Amino acid sequence: MNERDSESLAGFLRQMGYDEAASPDEATILLINTCCVRESAERKILGKLGELRKYKLADPDVIIGIGGCMVQQPGMSERIQKEYPYVDLVYGTHNLHQLPVMIEQCRSGQVVDVWNSEGEVVEDLPDRKVDGIKAHVTIMYGCNNFCSYCIVPYVRGRERSRTPKDIVREVTNLVAQGVKEVTLLGQNVNSYGKDLEPAINFAGLLLEVNKVEGLQRIRFTTSHPKDFDLELIQAMAKADKVCEHIHLPVQAGSNRILEEMNRGYKREYYIDLIAKIREAMPNVALTTDLIVGFPGESDDDFEDTLDLLEKVRYDNAFTFLYSKRSGTPAAEMDGQISDEVKKSRFQRLLKLQNVISLEHNRALLGTTQEILVEGPSKNNKEMMSGRTRGNKIVVFPGSEEMIGRLINVKIEEARTWTLIGKEI
Ligand code: SAH
Ligand code: SF4
């Protein structure tokens, strides 16, 4: 979501006649787009903001700006003004479309403009520079779920959906520029469309986007288990471009913790949902997000999470140490867990998941997989890299003219994070 916002910001600047600088030394505008989901991100950003002071000292005409999620937190814009007085521009998540006006205004003094609430969905975002064959397309903004640990609903506002017409137009535009795969983005894509008239749901949107000619693959993130219904499972199975991969964050395996987290489902419901998904799409790849060390998490609660991992057997899991976010209910809960306990649980979770991930990859040995070729492999420039429909990275001998093509690759070697194969 933040990357997509950064693309929009770059688009606005390009419309104003600016171009990307090769390095910060050469830049006349330096903008930081921020995240505050965990404290570690926030610490990094403030460090970076401190570093930027030297550019202002070297050239007082340089514009330094900071915007996005972190700035949206109560007290943060005041803190930035006080501790980083050389910052010219401070804005939030709801007014980034005003960047051109704010840039002009800050030439005559510091601009601080953080809106408290979201406005209408803004549709005239600038065309972006398409880089490569994959693109993110935001289908909705905000979140209504208020999981007790999460700051997103406070900094991104309530759910607002873009119309299917606007989304399909954007996807068609991207395809005309060479994009082959789109990822539809929202904090909870399965509640897409609830605020639209005429009514449409996420399953309906998938079927619409599936009709875009020239598009090869559709992915989406993130889905919330409580809203993942049968209609969506059927739409996924029916729409040929929709890849068989679902990122379905479970967060924890203990019913008591799930309740404290305000997730709106129980582990039994979740395990049953996975069974239904696998029944409709036997080859589906499943990934998840997990939080360790939520306040009050006991050893038994944590064992329930390990047990859930064994039962579901995800292809991959993103594991986070619980981070206290001020203003969220969990920050005030008793039983905050020490860093040592969090870290040791984190390591156990990682170890178990790595074994499971490798098992999943080994099961693909000898099979033929459809790969969308993305470009040279990061670690070995002699090899090309792409992803399976299940979103697994495959590395194989090839050349740059293969980029953007769908090819069949036979899997010959399986590692925890990558598969290695040969085109057939
Ligand atoms: N809307 C998405 C993504 C939310 S943020 C979803 O519901 O899945 C991405 C992930 O960050 C979450 O899934 C959660 O695992 C993690 N996260 C959010 N707040 C956190 C916190 N306070 N501490 C640690 N991890 C957190
Ligand atoms: Fe945060 Fe929960 Fe909304 Fe995801 S669904 S953004 S975790 S509040």
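If you're wondering where the values come from, they're calculated on a predicted model, not measured in any experiment.

### Section: the overall build of the protein chain
- When its secondary structure is counted, the protein chain shows 13 helices and 17 strands.
- Taken along the three principal axes of its C-alpha coordinates, the protein chain extends 65 × 55 × 50 Å.
- Per-residue burial for the protein chain yields a buried fraction of 51% across its 424 residues.
- Taking the contacts inside the protein chain whose residues are at least 6 apart along the sequence as the reference set, 71% of them involve residues at least 24 apart.
- If you sum the accessible surface of the protein chain, you get close to 20000 Å²; carbon and sulfur atoms cover 49% of it.
- Once the 54 positive and 64 negative side-chain charges of the protein chain are each reduced to a mean point, those two points are 3 Å apart.

### Description of the pairing of strand β16 (residues 406-414)
- Note: strand β13 (residues 368-376) against β16, five bridges, orientation antiparallel. Across the sheet, residue L372 finds its bridge partner in β16, namely L406.
- The sheet contact formed by β16 and strand β17 (residues 418-423) spans five bridges and is antiparallel. Bridge pairing in β17 links I411 to G421.

### Looking at the sheet that holds strand β5 (residues 134-138)
- An order of β5-β8-β9 is seen for the three strands of this open sheet, with the pairing classed as parallel. Each edge of the sheet is formed by a strand with only one pairing partner; in this case those strands are β5 and β9 (217-221). On average, adjacent strands in this sheet sit at an angle of 25° to one another, irrespective of strand direction.
- Pairing of β5 with strand β8 (residues 181-185), which is carried by five bridges, proceeds in the parallel orientation. Paired with T138 across the two strands is L185, which belongs to β8.
- Contacts between helix α7 (residues 164-176) and the sheet are confined to β5 and β8, with β5 contributing the most and set at about 165° to the helix.

### Here's the deal with the UniProt feature "binding site: [4Fe-4S] cluster" (unreviewed entry) in the protein chain
- In this structure's numbering, the residues bearing the UniProt feature "binding site: [4Fe-4S] cluster" (unreviewed entry) are C143, C147 and C150.
- Note that C143 resides in the loop between β6 (140-141) and α6 (152-156).
- Dropping the residues within four chain positions of it, C143 is found in contact with V152, P153, G157, R158, E159 and Q187.
- The residue C150 is located in the loop between β6 and α6 in this model.

### So, the site of ligand 2
- In the neighbourhood of ligand 2, the contacting residues comprise C143, N145, F146, C147, Y149, C150, V152, P153, Q187, H224 and R263.
- Grouping the amino acids of the shell around ligand 2 by side-chain chemistry returns seven nonpolar, three polar and one charged.

### Some details on unusual backbone geometry
- Cis geometry is adopted by the peptide bond preceding P198, which originates at E197 and carries an omega value of 0°.
- Position of P198 relative to the elements: it lies in the loop between β8 and α8 (202-210).
- The amide bond that connects T221 to the next residue, T222, takes the cis arrangement and shows omega of 5°.
- Secondary-structure assignment places T222 in the loop between β9 and α9 (230-238).
- We note that Q251 has phi near 75°; this positive angle belongs to a residue other than glycine.

### A word on the sheet that holds strand β10 (residues 245-247)
- Taken together, three strands build an open sheet; the order of strands is β10-β11-β12 and the sheet is parallel. Each edge of the open sheet is held by one strand with a lone partner, namely β10 and β12 (316-321). Strand-to-strand twist across the sheet, computed as the mean angle between neighbouring axes with direction ignored, equals 15°.

### Quick notes on the side chain of T305
- Here T305 is to be found in helix α12 (residues 299-312).
- The contacts of T305, once residues within four sequence positions are left out, are A252, G253, S254, L290 and L349.

Definitions and cut-offs
Residues numbered from 1 in each chain as written. Chains lettered and ligands numbered in written order. Predicted model: local features only at pLDDT ≥ 70, side-chain atom pairs only at ≥ 80, totals over all residues. Heavy atoms only, no water. Helix = DSSP H or I, 4+ residues; strand = E, 2+ residues; numbered from the N terminus. Buried < 20%, exposed > 50% of the residue type's maximum accessible area, 1.4 Å probe, protein only. Contact = heavy atoms within 4.5 Å. Areas by Shrake-Rupley, 256 points an atom, 1.4 Å probe, with all protein chains shown as cover. Lys, Arg positive; Asp, Glu negative; His and termini not counted. Charge placed at Lys NZ, Arg CZ, Asp CG, Glu CD. Pairing = 2+ DSSP bridges. Axes fitted to C-alpha atoms, helices over the stretch in contact; angles between N-to-C directions. UniProt positions renumbered as here; feature names shortened; annotations may be inferred. Near = heavy atom within 4 Å. Nonpolar A, V, L, I, M, F, W, Y, C, P; charged D, E, K, R; others polar.

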